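The primary structure of each chain is shown beneath.
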Amino acid sequence: MDLANRIHQHFTDSAHLKLQAMEVLAEPIGQAAERMVTCLMRDGKIMACGNGGSAADSQHFSSELLNRFERERPGLAAIALTTDTSTLTSIANDYAYEQVFAKQVRALGQPGDMLLAISTSGNSRNVLEAVHAAHEREITVIALTGNGGGQIAEALTAEDIHICVPSSITARIQEVHLLTLHCLCDAIDYLLLGAE
Ligand SMILES: O=C(CO)[C@@H](O)[C@H](O)[C@H](O)[C@H](O)COP(=O)(O)O
Ligand SMILES: [Zn+2]
């Protein structure tokens, strides 16, 4: 396959997966948005975490709540647990990389907050540990995964919401994750501000 065909194939695969994911994810995405609005309106906050591309997604999402998405509104309480290199490196150095998000959840999280746990494999240990820490603090989890959800799916409770992309290809899963996060941002604004 030459380069042009490879590129065409990526676009085609990504487009097909988004249409397939729409059928199964629209409902949990809507539920997650409603729960996030309830959390925010009760003065809760949304903490987000993930590794690599999912760390970038965590920061992308939190910035669009703290600042704005597409409509004018006051900032909303969100924080990415992936940005403070002094915190991340000291926890990893003094304890273990597995604890870099969980220790922050235990320190910052309050009952009624929410954790957005992003992992394409569903198996990243530090995200899994953050899920456990959230449950200890009576924090509901929105898990954004793929690959069947992995160990994170097994750790979720009936109170949590699982948005699992029906694919095992990391890049394709991430492309649906980004669309999902923008759907969440739009839905939150729609629920708070009404239709434009
Ligand atoms: O962005 C990519 C691949 O597209 C990578 O950086 C990817 O995020 C990293 O391999 C992560 O460590 C994968 O972690 P996870 O999504 O399985 O939790
Ligand atoms: Zn965005």
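Summary of the structure given here. Note that this is a predicted model, so its numbers are computed, not measured.

Thoughts on the nonpolar core
- Counting 32 residues, the largest nonpolar core has Met36, Ile46, Phe61 and Leu116 as the members making the most contacts within it.
- At the level of secondary structure, the elements contributing two or more residues to this core comprise helix 1 (3-41), strand 1 (46-49), helix 2 (53-66), strand 3 (114-118), strand 4 (140-146), strand 5 (161-165) and helix 7 (170-193).
- The dominant element in this core, judged by the number of residues it contributes, is helix 1, at 10 residues.
- Each residue touching Ile46, except ones within four places of it in the same chain, is listed here: Met36, Cys39, Leu40, Phe61, Leu65, Ala77, Ala78, Ile79, Met114 and Leu116.

Things to note about the packing of helix 2 against helix 7
- Axis separation between helix 2 and helix 7 bottoms out at 10 Å; the angle between their running directions is 15 degrees. Judged by the angle between their axes, helix 2 and helix 7 are roughly parallel. Once helix 2 is placed against helix 7, the crossing between them reads as right-handed. Note on element contacts: helix 7 touches helix 2 through Gln174, His177, Leu178, Leu181, His182, Leu184, Cys185 and Ile188, opposite Gly53, Ser54, Asp57, His60, Phe61, Glu64 and Leu65.
- Tallied by class, residues from the contact of helix 2 with helix 7 come to seven nonpolar, six polar and two charged.

Description of the sheet that holds strand 1
- With respect to topology, five strands assemble into an open sheet ordered 2-1-3-4-5, the strand pairing being parallel. In this open sheet, the two edge strands, each paired with only one partner strand, are strand 2 (78-80) and strand 5. Recorded for the sheet is a direction-independent mean angle of 15 degrees between the axes of neighbouring strands.
- As paired elements, strand 3 and strand 4 share five bridges and run parallel to each other. Note that in strand 4 the partner of Ile118 across the bridge is Leu144.
- Relative to strand 5, helix 1 is tilted by about 155 degrees, and along the sheet it contacts strand 1, strand 3, strand 4 and strand 5.

Analysis parameters
- Residues numbered from 1 in each chain as written.
- Chains lettered and ligands numbered in written order.
- Predicted model: local features only at pLDDT ≥ 70, side-chain atom pairs only at ≥ 80, totals over all residues.
- Heavy atoms only, no water.
- Core = buried A, V, L, I, M, F, W, Y, C linked by side-chain atoms within 4.5 Å.
- Buried < 20%, exposed > 50% of the residue type's maximum accessible area, 1.4 Å probe, protein only.
- Helix = DSSP H or I, 4+ residues; strand = E, 2+ residues; numbered from the N terminus.
- Contact = heavy atoms within 4.5 Å.
- Axes fitted to C-alpha atoms, helices over the stretch in contact; angles between N-to-C directions.
- Parallel < 35°, antiparallel > 145°, perpendicular 65-115°, else oblique.
- Left-handed = near helix turned anticlockwise from the far one by under 90°.
- Nonpolar A, V, L, I, M, F, W, Y, C, P; charged D, E, K, R; others polar.
- Pairing = 2+ DSSP bridges.

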